[in-house]
Amino acid sequence: MIPVNELATTRHGTVCVHRFDAYVGQSCLLYGEFSGEEADFLCALVGPGSVVVDGGANVGALTLPLARRVGEFGLVVAVEPQRLTFQALCATVASNHLTNVRTEHAALGKARGEILVPPLDLTRAQNVGGFSVKGHSAGEPVRMLAIDDLKLPNVTLLKLDLEGMERDALVGATETIRRCQPMLYVENDREEHRAALLEDMKRLGYRCFWHKPPLYRRHNFRDVRHNIFPGIVSVNVLALPKHDTRDFGLEAA
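This one's a predicted model, so the numbers in the text were calculated from it and none came from an experiment. (Residues numbered from 1 in each chain as written. Predicted model: local features only at pLDDT ≥ 70, side-chain atom pairs only at ≥ 80, totals over all residues. Heavy atoms only, no water.)

Enquirer: Which parts of the structure should I look at to understand the overall build of the chain?
Expert: Scanning the chain for helices and strands turns up 7 helices and 12 strands. Referenced to the eigenvectors of the C-alpha coordinate spread, the extents of the chain come out at roughly 50 × 40 × 40 Å. The buried share among the 253 residues of the chain stands at 55%. For the chain, restricting intrachain contacts to residue pairs at least 6 apart in sequence, the fraction spanning at least 24 positions comes to 70%. (Helix = DSSP H or I, 4+ residues; strand = E, 2+ residues; numbered from the N terminus. Buried < 20%, exposed > 50% of the residue type's maximum accessible area, 1.4 Å probe, protein only. Contact = heavy atoms within 4.5 Å.)

Rendered as structure tokens:
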């Protein structure tokens with residue numbers, strides 16, 4: 001078999017990455033971090049004892065710094081639907097002794113059920129994190145969970161990077177959002193549902209701001225000056241409940 005995973009030494013610990021993944025894998029291997037500005041921003045939102053849902057956790061490159069930040073009395077629930085990527089996520093969690101991380105092999109949606117997820121060929125160069133699990137008629141059966149199914153007593157931050165399933169996941173988090181009023185950090189880079197996703201969050205009583213961190217930062221962990229991601233940013237929305245008056249210097253969405 002072709003080796004498809006590799007342990008990358010990063011700023012926050014060891015990450016089990018897919019060797020041929022164009023973004024998370026290559027970034028961790030070359031720079032010793034993935035989206036370092038995003039990681040720092042997320043960690044600034046939470047603190048010791050916080051509870052985070054990391055929806056679409058991939059191999060755990062951002063789960064890891066969040067787990068370090070919330071500490072032994074906090075919790076990160078890391079959810080990932082791709083089986084092989086989930087296994088890498090578990091390797092990241094185990095190799096860093098993260099007893100405060102709970103991993104779930106599942107997709108996040110409106111309600112409990114099942115979804116078919118085609119397995120990825122990890123021997124092929126690709127953007128593993130950009131693959132959408134929505135709408136396939138063949139594949140491996142994977143649990144579908146609603147965030148409300150997690151029955152978390154408290155949530156500080158919902159982080160959703162679900163490649164087109166973000167709106168469904170918000171529907172499935174309705175009770176959790178009503179009860180806990182968590183901050184929301186949601187990928188919103190798909191033109192076809194960008195406006196509707198913003199409206200969903202505003203309808204829930206949230207104020208929305210754009211956050212567009214670059215994938216590369218000059219002062220990366222390995223001090224590598226060559227930027228293999230020129231001009232590439234993540235397009236995310238930070239949504240804050242109306243009682244939270246901060247704006248973090250961000251542009252309103």
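That was the structure; now back to the text.
Enquirer: What exactly am I supposed to notice about the sheet that holds strand β7 (residues 113–117) here?
Expert: Strand pairing in a sheet relies on backbone hydrogen bonds, with the paired strands running either antiparallel or parallel. Read from one edge to the other, the open sheet built from 3 strands follows the order β6-β8-β7, with strand pairing classed as mixed. With one partner strand each, in any of the chains shown, β6 (107–108) and β7 form the two edges of the open sheet. Alignment of β7 against strand β8 (residues 140–145), held across 5 bridges, turns out to be antiparallel. Counterpart to Ile-115 in the pairing with β8 is Val-142. (Pairing = 2+ DSSP bridges.)

Enquirer: Would you take a moment to explain the nonpolar core for this structure?
Expert: Side chains of a nonpolar character, in soluble globular proteins, are inclined to be buried together. Ranked by size, the top nonpolar core spans 40 residues in total, and within it Cys-28, Leu-45 and Leu-157 carry the most contacts. Only β2 (13–18), α1 (24–31), α2 (36–45), α3 (63–70), β4 (75–80), α4 (83–95), β10 (183–187) and β12 (236–241) provide two or more residues apiece to this core. Once residues within four sequence positions are removed from consideration, Leu-157 is found in contact with Leu-42, Leu-45, Val-46, Val-51, Val-52, Val-53, Pro-182, Met-183, Leu-184 and Tyr-185. In this structure, Met-201, Tyr-206, Cys-208 and Val-237 belong to the second largest nonpolar core, which totals 37 residues. (Core = buried A, V, L, I, M, F, W, Y, C linked by side-chain atoms within 4.5 Å.)

Coordinates in, geometry out; function isn't part of it.
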